[in-house]
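Spelled out, the chains give:
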Amino acid sequence: MTIVAGKTGARRRLLPLLGKIWEHRADYAYVLPAIAVMLIVIAYPIYYTIELSFFNTPPGLQLRDKIFVGFGNYTAILTSPVFWKVTSNTLIWTLASTFISFVLGFACALALHREFVGRGVLRAVLIIPWVISAVAASYIWKWIYHSDFGIIGAVLVGLGLADRPPNFIDSVSTVLPSLIVVNIWREFPFAMIMMMAGLQTVPEQLLRAAKVDGANAWQRFWHVTFPHLRNVSTVTILLLAVANFNSFIIPWIMTGGGPSNASHIWITHIYELAFGRQRWGVASAYSVLLFLILMTLGYFYVRALSGNERKDAST
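Draft legend 1. Representation of the overall build of the protein within the structure. Regarding its fold elements, the protein presents 13 helices and 2 strands. A compact globule built from 315 residues would reach a C-alpha radius of gyration of about 20 Å, whereas the protein, at 26 Å, exceeds it by more than 25%. With respect to the three principal axes, the spread of C-alpha positions in the protein is 80 × 65 × 40 Å. Looking at the protein as a whole, 34% of its 315 residues are labelled buried.

Below, the structure written as structure tokens:
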């Protein structure tokens, strides 16, 4: 009886849904071409990547002759020491870049929120790293870090702070922090813009009332300003985390993952496996795992946006 009742309830819920779809069939016809394009360029590649992750694809074997191995690629990935090295690099890269970019951008937003002479010029200057092409910025920083001709090494030697120019991106111990510095330089303007927009929504009346009540600058920030920025902060951090986790241009152009995999993160390692070694099956398995992680971050991002919309509707 319970099963029959469940089926009856499902049918009752399905019929109104089908009725609404039929009622708005003309509207769906307008978006049908866009849906078809999305299925071709998004849905099918995702399906094919998932399918390919269950096959072994040796470099000398054509894709049509691929060998089914089930979860063999996933097992090989999770038991590989390179996987854990790359995962460690990815976590350090993502967490450090996201946290420092957000904090630096937030600090700049707070500083630029005040009125002072030259504020517009300073805003324009601070946005420059974000608007520069990531490819151009990577090549510029590669020369800045160059062990023989780099400006940083030349300044350090000229000031007597070093006997010889440091190997920033040629050393296993310094390559990842050096790339993180470049990534922070590129991304903190985005956090700054987002937080500047959030600061515009803080009611001035509440700040004045808190000041009249005797609250100092820190108390006004913590009890008035920061609660109004909580939602935009969450969205900004999630966007930075997704971008950093999926970042490719800076580490690949500047180091190609070297030396000795010290700067490989997931996305660059996947690229090297697929297009460097032609190990399409293993690269697809990596891509599926990366897709699941990014979908999880995307879920929290959508939840944060939905929370903002509900809050705006309630007010």
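Draft legend 2. The arrangement of the pattern of salt bridges in detail. Taken as a whole and assessed by the stated rule, the structure comprises 2 salt bridges. The salt bridge partner of Arg119 is Glu115, with a shortest N-O separation of 3.1 Å. Where Arg277 meets Glu272, a salt bridge forms, and the shortest distance between an N and an O atom there is 3.8 Å.

Draft legend 3. Representation of the side chain of Ser138 in the model. With respect to the secondary-structure elements, Ser138 resides in helix H6 (residues 134-144). Every residue in contact with Ser138, bar those within four places of it in the chain, is listed here: Ile249, Ile250, Ile253 and Met254.

Draft legend 4. Geometry of unusual backbone geometry. In this chain, Gly258 is followed by Pro259 through a cis amide linkage whose omega measures -5 degrees. In this structure, Ser260 is a non-glycine residue whose phi angle is positive, near 55 degrees. Mapped onto the elements, Ser260 comes out in the loop between helix H11 (249-254) and helix H12 (266-276). We note that Asn261 has phi near 65 degrees; this positive angle belongs to a residue other than glycine. In this structure, Asn261 sits in the loop between H11 and H12.

Draft legend 5. Seen up close, the packing of aromatic side chains. Inspection of every chain in the model, using the stated rule, returns 28 aromatic pairs. Their ring planes at 45 degrees and their centres at 6.0 Å tell us that Phe83 and Tyr286 sit as a pair that is tilted. With Phe83 in helix H4 (residues 81-112) and Tyr286 in helix H13 (residues 280-314), the pair connects residues that are 203 residues apart, well separated along the chain. Given a relative accessible area of 4%, Phe83 falls into the buried group. A ring pair is formed by Trp141 and Trp185, whose centres lie 5.6 Å apart and whose planes are at 65 degrees; its orientation type is edge-to-face. In this pair, Trp141 is assigned in helix H6 and Trp185 in helix H8 (residues 175-199), connecting sequence segments 44 residues apart. For Trp141, a relative accessible area of 14% gives the class buried. Judged by its relative accessible area of 26%, Trp185 falls in the partly exposed class. An aromatic cluster of three or more residues is present, and its members are Phe102, Phe106, Trp218, Phe221, Trp222 and Phe226.

Draft legend 6. Inspection of the packing of H4 against H8 at higher detail. It is the contact of H4 with H8, at a shortest axis distance of 6 Å, that shows an interaxial angle of 40 degrees. If you check the angle between H4 and H8, you find them oblique. Considering how the two elements wind past one another, H4 and H8 form a crossing that is right-handed. Along the lines of polarity and charge, the residues of the contact of H4 with H8 split into 21 nonpolar, 5 polar and 1 charged.

Draft legend 7. Representation of the confidence of the model for the protein within the structure. Of all residues in the protein, 91% attain a pLDDT of 70 or more, and the chain-wide mean is 84. Across residues 1-6, where pLDDT falls below 50, the model places 0 contacts with residues more than four positions away in sequence or in other chains.

Draft legend 8. Region of the structure containing a nonpolar patch on the surface. Where nonpolar side chains cluster on the molecular surface, the patch consists of Val37, Met38, Ile40, Val41, Ile42, Ile46, Ile50, Phe291, Leu292 and Met295 and spans about 890 Å² of accessible area. Where the nonpolar patch is concerned, the elements lending two or more residues are helix H2 (25-52) and H13. Take the nonpolar patch: its biggest share by element is 7 residues, from H2. In this structure, Met38 sits in helix H2.

Criteria and cut-off values
- Residues numbered from 1 in each chain as written.
- Predicted model: local features only at pLDDT ≥ 70, side-chain atom pairs only at ≥ 80, totals over all residues.
- Heavy atoms only, no water.
- Helix = DSSP H or I, 4+ residues; strand = E, 2+ residues; numbered from the N terminus.
- Rg over C-alpha atoms; globule rule 2.2 N^0.38 Å.
- Buried < 20%, exposed > 50% of the residue type's maximum accessible area, 1.4 Å probe, protein only.
- Salt bridge = Lys/Arg side-chain N within 4 Å of Asp/Glu carboxyl O.
- Contact = heavy atoms within 4.5 Å.
- Phe/Tyr/Trp six-rings, centres within 6.5 Å; stacked < 30°, edge-to-face > 60°.
- Axes fitted to C-alpha atoms, helices over the stretch in contact; angles between N-to-C directions.
- Parallel < 35°, antiparallel > 145°, perpendicular 65-115°, else oblique.
- Left-handed = near helix turned anticlockwise from the far one by under 90°.
- Nonpolar A, V, L, I, M, F, W, Y, C, P; charged D, E, K, R; others polar.
- pLDDT = per-residue confidence, 0-100.
- Patch = residues over 30% accessible without salt bridge, like charges linked within 9 Å, V, L, I, M, F, W, Y side chains within 5 Å.
- Areas by Shrake-Rupley, 256 points an atom, 1.4 Å probe, with all protein chains shown as cover.

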